[in-house]
Amino acid sequence: MKNILVIILLFFTVSVSAQEIIGKWTGSFNDQRDNKTSYVIEITNETGVLNATTTTIFKISSTSYFIVCSTKVELDSAKQKITITELEIIKANTPEWFSNCLQKHVLTFSTDTKNAYLKGKWEAIKQKTIFCGGEGDTFLKKGSK
């Protein structure tokens, strides 16, 4: 009976933390040269499994481009950390010569009296066919535009 109660309490804790994470997170990530790139993470909960898509938005000269990726979501509710690993580019309008690189973001959830935030670090995921390098900081705010 005690084991069942512990399992129920653990599930409730994870569910509450997951509920706080669900939604649209908007902000940016920067690179080693402090160049900021707009970034959006849309986190959903489908039948108890967290899913997300990411959208990277940037300009080259005066033209706007975007990359949308499917992801793997890992939530460590005890540490208030979420890891978003981009798995596949599902849509992009980048030029042919541009290297579309996948990223991994390790973020910490925090709140203040008005807002919820995801802050942390990102790094490029090594890929076989193209050079992908880079790392930096990520800052996102829940529900912002």
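Because the structure is predicted, anything quoted here is derived from the model rather than measured. (Residues numbered from 1 in each chain as written. Predicted model: local features only at pLDDT ≥ 70, side-chain atom pairs only at ≥ 80, totals over all residues. Heavy atoms only, no water.)

Colleague: Go over the overall build of the protein chain with me, naming the residues and quoting the values.
Modeller: Regarding its fold elements, the protein chain presents 1 helix and 8 strands. When the helices and strands of the protein chain are placed in sequence order, the string is α-β-β-β-β-β-β-β-β. (Helix = DSSP H or I, 4+ residues; strand = E, 2+ residues; numbered from the N terminus.)

Colleague: Tell me about the packing of aromatic side chains, residues and numbers included.
Modeller: Applying the stated rule across the entire model yields 7 aromatic pairs. Look at F29 and Y39: their rings are 5.3 Å apart centre to centre, the planes differ by 80 degrees, and that puts the pair in the edge-to-face class. Taken together, the residues span a long stretch of sequence, with F29 in strand β1 (residues 23–30) and Y39 in strand β2 (residues 36–46) at a distance of 10 residues. Geometrically, the ring pair formed by W97 and F98 is edge-to-face, given 6.0 Å between the ring centres and 70 degrees between the ring planes. Through a chain of ring-to-ring contacts, the aromatic side chains of F58, Y65, W97 and F98 assemble into a single cluster. Over the ring of Y117 we find K119; its NZ or CZ atom is 5.2 Å from the centre of that ring. (Phe/Tyr/Trp six-rings, centres within 6.5 Å; stacked < 30°, edge-to-face > 60°. Lys NZ or Arg CZ within 6 Å of the ring centre and 35° of its normal.)

Colleague: An account of the environment of W25 is needed here, citing residue identities and associated values.
Modeller: Inspection of the secondary structure puts W25 in strand β1. Not counting residues up to four positions away in its chain, the partners in contact with W25 are E20, Y39, V40, I41, I43, F109, A116, Y117, L118, L140, K141 and K142. Separated by 2.7 Å, the side chain of W25 and the backbone oxygen of I21 make a polar contact. (Contact = heavy atoms within 4.5 Å. Polar contact = N/O pair within 3.5 Å; in protein donor to acceptor, adjacent residues only side chain to side chain.)

Colleague: Report on the pattern of salt bridges, specifying residues and quantitative values.
Modeller: In this structure the tally under the stated criterion is 1 salt bridge. Notably, a salt bridge pairs K121 with D137, separated by 2.6 Å at the nearest N-O pair. Residue K121 is found in strand β7 (residues 116–124), and its partner D137 is found in strand β8 (residues 135–142); the two are separated by 16 residues along the sequence. (Salt bridge = Lys/Arg side-chain N within 4 Å of Asp/Glu carboxyl O.)

Colleague: Can you lay out the nonpolar core for me, pointing to particular residues and giving the numbers?
Modeller: Core analysis: the biggest nonpolar cluster contains 20 residues, and W25, I41, I43, I82, I84, L118 and L140 have the highest contact counts within it. Among the elements of the structure, α1 (2–21), β1, β2, β3 (49–60), β5 (81–92), β6 (103–111) and β7 are those that each provide at least two residues to this core. Per element, the largest residue contribution to this core is 4 residues, and it comes from β7. In this view, I84 contacts I41, I43, A52, T54, T71, K72, V73, Q103, K104 and H105; residues no more than four positions away in its chain are not counted. (Core = buried A, V, L, I, M, F, W, Y, C linked by side-chain atoms within 4.5 Å. Buried < 20%, exposed > 50% of the residue type's maximum accessible area, 1.4 Å probe, protein only.)

Colleague: Run through the sheet that holds β5, naming residues and quoting values.
Modeller: Read around the barrel, 8 strands follow the order β1-β2-β3-β4-β5-β6-β7-β8 and close on themselves; strand pairing throughout is antiparallel. Taken pair by pair, the neighbouring strands of this sheet meet at an average axis angle of 30 degrees, ignoring direction. Where β5 meets β6, 5 bridges bridge the pair, whose relative direction is antiparallel. Bridging from a neighbouring strand, T83 pairs with V106 of β6. (Pairing = 2+ DSSP bridges. Axes fitted to C-alpha atoms, helices over the stretch in contact; angles between N-to-C directions.)

Colleague: Please provide a residue-by-residue account of the layout of surface pockets, values included.
Modeller: Of the pockets and cavities examined, the largest pocket occupies roughly 590 Å³. F29, D31, F98, Q103 and W122 are, among the 24 residues lining the largest pocket, the residues nearest its centre. At the level of secondary structure, the elements contributing two or more residues to the lining of the largest pocket comprise β2, β3, β4 (63–76) and β7. Per-element tally for the lining of the largest pocket: the top contributor is β3, with 4 residues. Among the residues forming the lining of the largest pocket, the class breakdown is 11 nonpolar, 8 polar and 5 charged. (1 Å grid on protein atoms, 1.4 Å probe; cavity = no way out; pocket = protein on both sides within 12 Å on 5 of 7 lines; lining within 4 Å. Points joined across faces, edges and corners; volume = space filled by probe spheres on them. Nonpolar A, V, L, I, M, F, W, Y, C, P; charged D, E, K, R; others polar.)

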